[in-house]
Amino acid sequence: MLVRKKTPRIYTPAKDVKDLTHIFKAHGAKVAFRYYRGKQLLSMSYAEFSDLIVSLAAGFDAMGLSGKRIAVIGESCPQWIATYLATIAAGGVAIPMDKEVAVPELEGFMSFAEADAVVYTSCMNEKFKETVETHPTVKYFIHVSTEKLSYLHSEKVKEFDDIVALGQKHIHDDHFALKTPKDLRRMAVMLFTSGTTGSSKCVMLCEQNVISAANAACSSVDFCKEDTIVSVLPIHHTYELCIDIAALIYGMEICINDS
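Note that this is a predicted model, so its numbers are computed, not measured.

Novice: What is the right way to read the overall build of the protein chain from this model?
Specialist: A count of helices and strands for the protein chain gives eight helices and 11 strands. Reported as C-alpha extents along the three principal axes, the dimensions of the protein chain are approximately 70 × 50 × 40 Å. For the protein chain, buried positions account for 49% of its 259 residues. Put simply, of all contacts in the protein chain between residues at least 6 apart along the chain, 65% involve residues at least 24 apart. As displayed, the protein chain offers around 12800 Å² of accessible surface, 54% of which is attributable to carbon and sulfur atoms.

Novice: Help me out: how do you make sense of the sheet that holds strand S1 (residues 31-37) in this one?
Specialist: Strand order in this open sheet of four strands is S2-S1-S11-S10, and the pairing throughout is mixed. The sheet terminates laterally at strand S2 (40-45) and strand S10 (228-231), the two strands that pair on one side only. Adjacent strand axes in the sheet meet at a mean angle of 20 degrees when their direction is disregarded. Sitting on the sheet, helix H3 (residues 78-89) touches S1, S2 and strand S11 (253-256), and the angle it makes with S1 is about 120 degrees.

Novice: What am I meant to see in unusual backbone geometry here?
Specialist: Backbone phi values are negative for most residues with the exception of glycine, while trans is the configuration of most peptide bonds. Residue Glu-114 is not a glycine yet carries a positive backbone phi of 55 degrees. Mapped onto the elements of the fold, Glu-114 is located in the loop between helix H4 (103-113) and strand S5 (117-120). Residue Glu-114 is classed as partly exposed on the basis of its relative accessible area, which comes to 48%. Despite not being glycine, Asp-174 shows a phi value in the positive range, around 60 degrees. Locating Asp-174 in the fold gives a position in the loop between helix H6 (160-172) and strand S8 (187-192).

Novice: What's the story with the side chain of Thr-121 in this structure? I'm lost.
Specialist: Mapped onto the elements, Thr-121 comes out in the loop between S5 and helix H5 (131-134). Classification of Thr-121 as buried rests on a relative accessible area of 6%. For Thr-121, the contacting residues outside a window of four places in its chain are Ile-73, Gly-74, Glu-75, Cys-77 and Val-144.

Novice: Whenever I open this one, the packing of helix H1 (residues 17-26) against H3 confuses me. Can you help?
Specialist: A packed helix pair is summarised by two numbers, namely the angle formed by the two axes and the spacing between the axes. With their axes 9 Å apart at the nearest point, H1 and H3 run at an angle of 130 degrees to one another. Taken as axis vectors, H1 and H3 run oblique relative to one another. Mapping the contact onto sequence places Val-17, Leu-20 and Phe-24 in H1 and Leu-85, Ile-88 and Ala-89 in H3. Split by residue class, the contact of H1 with H3 holds six nonpolar, no polar and no charged.

Novice: What should I look at first to understand the pairing of S10 in this one?
Specialist: Two faces, one strand: in a regular strand the side chains alternate between the faces of the sheet. A one-sided burial pattern is seen for S10, the buried positions being Ile-229 and Ser-231 and the unburied ones Thr-228 and Val-230. Pairing analysis gives four bridges linking S10 to S11, with the strands arranged parallel. The residue bridging Thr-228 from the neighbouring strand is Glu-253, located in S11. Handedness of the crossover is the feature at issue here: the chain leaves S10, passes through helix H8 (residues 238-250), returns alongside S11, and the resulting connection is right-handed.

Novice: Honestly, the nonpolar core in this entry has me stumped. Any pointers?
Specialist: Note on soluble globular proteins: their nonpolar side chains tend to be buried together. Ranked by internal contacts, the top residues of the largest apolar core, which has 64 residues, are Phe-33, Phe-49, Phe-60, Tyr-84, Leu-85 and Ile-245. Other than its neighbours up to four places away in sequence, Ile-245 contacts Leu-20, Tyr-84, Leu-85, Val-210 and Ala-214. By size, the runner-up hydrophobic cluster in this structure holds 23 residues, among which are Ile-73, Val-118, Val-138 and Phe-192.

Novice: Whenever I open this one, the state of the cysteines confuses me. Can you help?
Specialist: Structurally, a disulfide amounts to a covalent bond that connects the sulfur atoms of two cysteines. Per the stated rule, a full pass over the model turns up zero disulfides. Cysteine Cys-123 is unpaired, with the sulfur of Cys-77 as its nearest cysteine sulfur at 9.3 Å. Looking at Cys-242, it has no disulfide partner, and the nearest cysteine sulfur is the one in Cys-218, 8.2 Å off.

Novice: Please explain the pairing of S11 as it appears in this structure.
Specialist: Looking at chain direction, S1 and S11 are connected through two bridges and run parallel. Looking at S11, one finds that Arg-34 is bridged to Cys-255.

Novice: Help me out: how do you make sense of the environment of Phe-24 in this one?
Specialist: Examined against the element boundaries, Phe-24 turns out to sit in helix H1. Overall, the relative accessible area of 0% leaves Phe-24 in the buried class. Taking the C-alpha atoms as reference, Phe-24 lies 22 Å from Val-93; in sequence the two are 69 residues apart.

Novice: Please explain the packing of aromatic side chains as it appears in this structure.
Specialist: The geometry of an aromatic ring pair is captured by two quantities: the separation of the ring centres and the angle between the planes. Tallied over the full model, the rule gives 10 aromatic pairs. Ring centres 4.3 Å apart and planes at 10 degrees place the aromatic pair Phe-109 and Phe-192 in the stacked group. Taken as a pair, Phe-109 in helix H4 and Phe-192 in strand S8 lie far apart in primary sequence, 83 residues in all. A relative accessible area of 13% places Phe-109 in the buried class. Among the residues examined, Phe-192 registers a relative accessible area of 14% and is labelled buried. Centre to centre, the rings of Tyr-120 and Phe-128 are 5.1 Å apart; their planes meet at 90 degrees, and the pair counts as edge-to-face. Pairwise contacts between aromatic rings join Phe-24, Phe-33, Tyr-46 and Phe-49 into one cluster.

The rules behind each value
- Residues numbered from 1 in each chain as written.
- Predicted model: local features only at pLDDT ≥ 70, side-chain atom pairs only at ≥ 80, totals over all residues.
- Heavy atoms only, no water.
- Helix = DSSP H or I, 4+ residues; strand = E, 2+ residues; numbered from the N terminus.
- Buried < 20%, exposed > 50% of the residue type's maximum accessible area, 1.4 Å probe, protein only.
- Contact = heavy atoms within 4.5 Å.
- Areas by Shrake-Rupley, 256 points an atom, 1.4 Å probe, with all protein chains shown as cover.
- Pairing = 2+ DSSP bridges.
- Axes fitted to C-alpha atoms, helices over the stretch in contact; angles between N-to-C directions.
- Parallel < 35°, antiparallel > 145°, perpendicular 65-115°, else oblique.
- Nonpolar A, V, L, I, M, F, W, Y, C, P; charged D, E, K, R; others polar.
- Right-handed = clockwise from strand over helix to strand, strands pointing away.
- Core = buried A, V, L, I, M, F, W, Y, C linked by side-chain atoms within 4.5 Å.
- Disulfide = S-S within 2.5 Å.
- Phe/Tyr/Trp six-rings, centres within 6.5 Å; stacked < 30°, edge-to-face > 60°.

Written out as structure tokens, the structure reads:
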């Protein structure tokens, strides 16, 4: 009987989200993402992405959002993934949400999850116009887009880049550094099913779930850092997010196509 030898998998397994940021940083100036903002094609290196996660986690800490529940919704982009990982790294609970769901249902999900903040991209700008003033739990609405919103006068509305800049200052002043998590089994993610077999249900995951799934994907598939993957599934899908994190562990380039 011929036994086929398994191809060696060359990657650094992650222990937690803090460890992920070190793995990403080690890939340096290599391009992590190519993505569109409007009609402009942009890129982000691994070092920039690692710094973005840490700065955003620090920004959340400076706003009193460490350990809080933060929803993230919108088109696929590096800022979406950075929000998801930064929330977990800051000891909070990430709540990935489907941008195609009707606003009243999204508002209900955020109330059920007791979300303290929501980070969203341009597709939600006008949809959240009324939600800003009426939602009972969300204290901050953080938008990624650069366009000026008609409801920017609200104290609840913050710009994503401003939170990152706040985090950078927080780090510079020695008020923040990522900590190794004490409990990898604490709840770190609340996600909502699509409801194909009935009403939507809330599923809870821990940081260990997130990291173990990504490591398992790395060990199961013969990836290499010269590979390029195209991200086409909705970013809030657990499978899509897991494969993206696995690709980032390997040092692959991710081309985002969110139409």
